[in-house]
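Descriptive structure summary
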Amino acid sequence: MSTSDAPSTDPFTAPAAHEAAGRDAAPQYVLPLVVRIERSAPPGPPARSDALGTAARAVLVMLSDERTTDPGGDWHQAVRDWQDGRIRKVVRRARGAEWRRACALPGVTVTGGGEHPAEVRVFPPVPLDGWPRDLARLQVSGTDLEDPAPPAAPEPGTPVLWLNPELEMSAGKAMAQAGHGAQLAWLALDGTARAAWRAAGFPLAVRTAPRGEWERLTASGLPVVRDAGFTEIAPGSATVVAEHPALPARLDRPARRG
């Protein structure tokens, strides 16, 4: 499920100059994310929109963690190796003892908000065929989540990851795509904007774009996620547009109409 003046130690400052063929030739890694989905309350299944937003925030937490950004950090090389290939993310689900075992592995757990908050744990990238056993045994399917009520409109000034209204995606697939969108927004920001976003706790919202707005969003110059087509949807499909208030002025993009 694949895709500034940041410090030179940032592993994403200037993605290695690999074209698509070069990225495919590089060793391939994947960023694992695990969402907690218990069979019954409490806590029960999280709300879909909160799970998507929490997954996106988890990716940002991983990218900004000192273990990633510090050249001597425990995760720095793994993240660099992942970046040099296809930037894949896979979301799996866990409950009970599975979740506790996952939490014992190195990573970061991010918790959402609201009445049905999500819990998502993100782990440093692993080789495609080298998953830790306690993650490899987890299921990918079964992440079909719902919102108990339509999510509220994002607060003004909140970064928004807009989902393609024409595509049907499982919650797990959409979580991975939201993570891609958050990552592309992060890469497009300068160091000051990144620091401010991190200091604020990475506020963001994931919403389905209005059908009449999707074409304008994809043509606006904002970061667009195009899926590699490994699962669920056709290769090259635009899945997410990442809108951050610090991007339009810097990159001369049209602002979003309210």
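Structure: see above.
Residues numbered from 1 in each chain as written. Predicted model: local features only at pLDDT ≥ 70, side-chain atom pairs only at ≥ 80, totals over all residues. Heavy atoms only, no water.

1. Let's talk about the environment of Leu63
- Among the structural elements, Leu63 can be located in helix α2 (residues 48-64).
- The sequence separation of Leu63 and Leu187 amounts to 124 residues, and the corresponding C-alpha distance is 9.8 Å. (Helix = DSSP H or I, 4+ residues; strand = E, 2+ residues; numbered from the N terminus.)

2. Side note on the packing of aromatic side chains
- Applying the stated criterion to the full structure yields two aromatic pairs.
- Here Trp186 and Phe202 contribute two aromatic rings whose centre-to-centre distance is 5.7 Å and whose plane-to-plane angle is 70°, an arrangement assigned as edge-to-face. Note that Trp186 is positioned in helix α7 (residues 171-188) and Phe202 in the loop between α8 (191-199) and β7 (205-208), a separation of 16 residues in sequence.
- Aromatic side chains Trp197 and Phe202 sit 5.6 Å apart centroid to centroid with 75° between the ring planes, which places their arrangement in the edge-to-face category.
- Overall, Trp197 belongs to the buried group, its relative accessible area being 5%.
- Phe202 gets classed as buried once you look at its relative accessible area, which sits at 3%.
- Taken together, the ring pairs in this structure connect Trp186, Trp197 and Phe202 into an aromatic cluster.
- Directly above the aromatic system of Trp131 lies the positively charged group of Arg92, at a separation of 4.2 Å from the ring centroid. (Phe/Tyr/Trp six-rings, centres within 6.5 Å; stacked < 30°, edge-to-face > 60°. Buried < 20%, exposed > 50% of the residue type's maximum accessible area, 1.4 Å probe, protein only. Lys NZ or Arg CZ within 6 Å of the ring centre and 35° of its normal.)

3. Some points on the nonpolar core
- Counting residues in each nonpolar core, the largest one holds 57 residues, and the members touching the most others are Leu33, Leu161, Met175 and Trp197.
- In contact with Leu161, other than residues within four places in its own chain, are Ala56, Ala178, Gly181, Ala182, Leu204, Ala205, Val206, Arg207, Val240, Val241 and Ala242.
- Membership of the second largest hydrophobic core comes to eleven residues, among which are Val34, Ala102, Val126 and Trp131. (Core = buried A, V, L, I, M, F, W, Y, C linked by side-chain atoms within 4.5 Å. Contact = heavy atoms within 4.5 Å.)

4. Some words on the pattern of salt bridges
- Scanning the model with the defined rule gives eight salt bridges in all.
- For the salt bridge of Arg67 with Asp65, the shortest nitrogen-to-oxygen distance reads 2.9 Å.
- You can call Arg67 partly exposed: its relative accessible area is 33%.
- Owing to a relative accessible area of 13%, Asp65 belongs among the buried residues under this scheme.
- A salt bridge links Arg211 to Glu166; the shortest N-O distance between them is 2.7 Å. Of the two residues, Arg211 is situated in helix α9 (residues 211-218) and Glu166 in the loop between β6 (160-163) and α7; the sequence distance between them amounts to 45 residues. Grouping residues by exposure puts Arg211 and Glu166 together as exposed.
- Through salt bridges with shared partners, one network takes in Arg36, Glu38 and Glu119. (Salt bridge = Lys/Arg side-chain N within 4 Å of Asp/Glu carboxyl O.)

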